[in-house]
Amino acid sequence: DTGSAAAVPINEVDIAYVTPVTVGTPPQTLMLDLDTGSSDLWVFSSLTPSSQVRGQEIYSPAKSSTSKLLSGHTWSIRYGDGSGSRGTVYTDNFTIGGLEVESQAVQTAQEVSSSFTQEQSLDGLVGLGFSTLNTVRPSSQLTFFDNARPKLDEEVFTADLKYHATGSYDFGFIDRAKYTGNITYTPVQQSPGYWTHSLSGYAVGSGAFQSTQIQGISDTGTTLLYLPTAIVTAYYRQVQGAQNSQYYGGYVFPCSSTLPTFTFGIEGARFTIPASYINYTRISPTSSTCYGGLQSSSGLGINIFGDVALKAAFVVFSGTNPPRIGFGTK
Ligand SMILES: N[C@H]1[C@H](O)[C@@H](Sc2ccccc2)[C@@H]2OC[C@H]1O2
């Protein structure tokens, strides 16, 4: 089997992407954020206090003839950006892009933090990290990808995220029409549960490629690209008027500045992020100061290859043994 579904930016700066999924019988459609940086599948639900729901679609297990309470199981998750949610667990039929998993663990939120309440076009997350990260207790649950694996034509899913446009997630196949040339693969270290791998180096604009291993995680749920301070300062040194603002919590610059491109390596292959992806957003709607899509990872403890980087490539998440990740030019 295979599946294919849209990845729709939820706002005009691609802060996150959502994908239509269906839960239950008859199918309830929700728009969820497919997140390779976590492994919980959770949804706004009929158990979420109405004070915490602001426009989101909800899953009502009581309206599904195939829902079953996973008795005595709870979950609680805290994300890297400080947001979080917690609740109880049902199993139900779950589909993405025509690919169905019966009795998928669907984690129903009984509490969500304010940043989720404020994202009215995001109804929850589908964790696509390794199932070791799942927070359901007393028994942890499998991700949609792990449950779907046995029926997939190929043990892969792919991300084709796009700049200010709708892209796609495919399950079970690699669509040759979505990239040119070959996919370059590199090993993944699956412990503790992220898609952890290395870049082979980087270049700022037309500068020389610096060959240096940079370990980090490819995370579709993170908006920006977070790299070591030395690399980030070297980048913004090329930007007139750029400064690392304590106030805004990162590098800002005049929106009119000319930004260099940023190239990263995967083994011997090179992927160039257009300057426009790094001119991320105005710090406020009428400001002429802009916030960068490349920021320092020094406060995070880990480098994160988020959407600003991933949308510059066609990415193959391969669940083979051992797992690996592949990048193709598009
Ligand atoms: N893996 C990521 C996750 O998907 C998001 S959760 C999220 C929060 C608010 C809005 C949208 C998504 C959070 O930021 C980085 C890391 O944690």
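A brief look at the structure comes next. Treat the numbers as computed from the prediction; the structure is a model and nothing was measured. (Residues numbered from 1 in each chain as written. Predicted model: local features only at pLDDT ≥ 70, side-chain atom pairs only at ≥ 80, totals over all residues. Heavy atoms only, no water.)

### Section: the site of the ligand
Consideration 1: Every one of the 13 residues lining the ligand counts as a neighbour, but Asp35, Tyr79, Asp81, Asp219 and Thr222 are closest to it.
Consideration 2: Within the side chain of Asp219, a nitrogen or oxygen atom sits 2.8 Å from a nitrogen atom of the ligand.
Consideration 3: Residue Gly221 places a main-chain N or O atom 3.4 Å away from an oxygen atom belonging to the ligand.
Consideration 4: When the ligand is considered free in solution it has 400 Å² of accessible area, and contact with the protein chains removes 88% of it. (Near = heavy atom within 4 Å. Polar contact = N/O pair within 3.5 Å; in protein donor to acceptor, adjacent residues only side chain to side chain. Areas by Shrake-Rupley, 256 points an atom, 1.4 Å probe, with all protein chains shown as cover.)

### Side note on the pattern of salt bridges
A side chain with one charge may pair with a side chain of the opposite charge, provided their charged atoms come close.
Consideration 1: Applying the stated criterion to the full structure yields eight salt bridges.
Consideration 2: The residue Glu111 makes a salt bridge to Arg86 at a minimum N-O spacing of 2.7 Å. Placement of Glu111 in strand E7 (residues 99-112) and of Arg86 in strand E6 (residues 84-96) is noted, with a sequence separation of 25 residues between them.
Consideration 3: Notably, a salt bridge pairs Asp160 with Lys330, separated by 2.6 Å at the nearest N-O pair. Of the two residues, Asp160 sits in strand E9 (residues 156-162) while Lys330 sits in the segment after strand E24 (324-329), which places them 170 residues apart along the sequence.
Consideration 4: By relative accessible area, which is 4% here, Asp160 ends up buried.
Consideration 5: Take Lys330: its relative accessible area is 39%, and that puts it in the partly exposed class. (Salt bridge = Lys/Arg side-chain N within 4 Å of Asp/Glu carboxyl O. Helix = DSSP H or I, 4+ residues; strand = E, 2+ residues; numbered from the N terminus. Buried < 20%, exposed > 50% of the residue type's maximum accessible area, 1.4 Å probe, protein only.)

### A closer look at the sheet that holds strand E22 (residues 303-305)
Consideration 1: The sheet built from seven strands is open, its strands ordered E18-E17-E12-E13-E22-E14-E21 with mixed pairing. On the outer flanks of this sheet lie strand E18 (269-273) and strand E21 (294-296), each paired with one strand and no other. Sheet twist, expressed as the average angle between the axes of neighbouring strands with direction ignored, equals 45°.
Consideration 2: Relative to strand E13 (residues 210-218), strand E12 (residues 196-204) runs antiparallel, the two sharing six bridges. Bridge pairing links Ser198 to Gln215 in E13.
Consideration 3: Along the sheet, helix H3 (residues 229-236) contacts E12, E13, strand E14 (225-227), strand E17 (262-266) and E21; its crossing angle with E21, the most-contacted strand, is approximately 135°. (Pairing = 2+ DSSP bridges. Axes fitted to C-alpha atoms, helices over the stretch in contact; angles between N-to-C directions. Contact = heavy atoms within 4.5 Å.)

It is worth stressing that arrangement in space is one thing and function is another; only the former is reported here.
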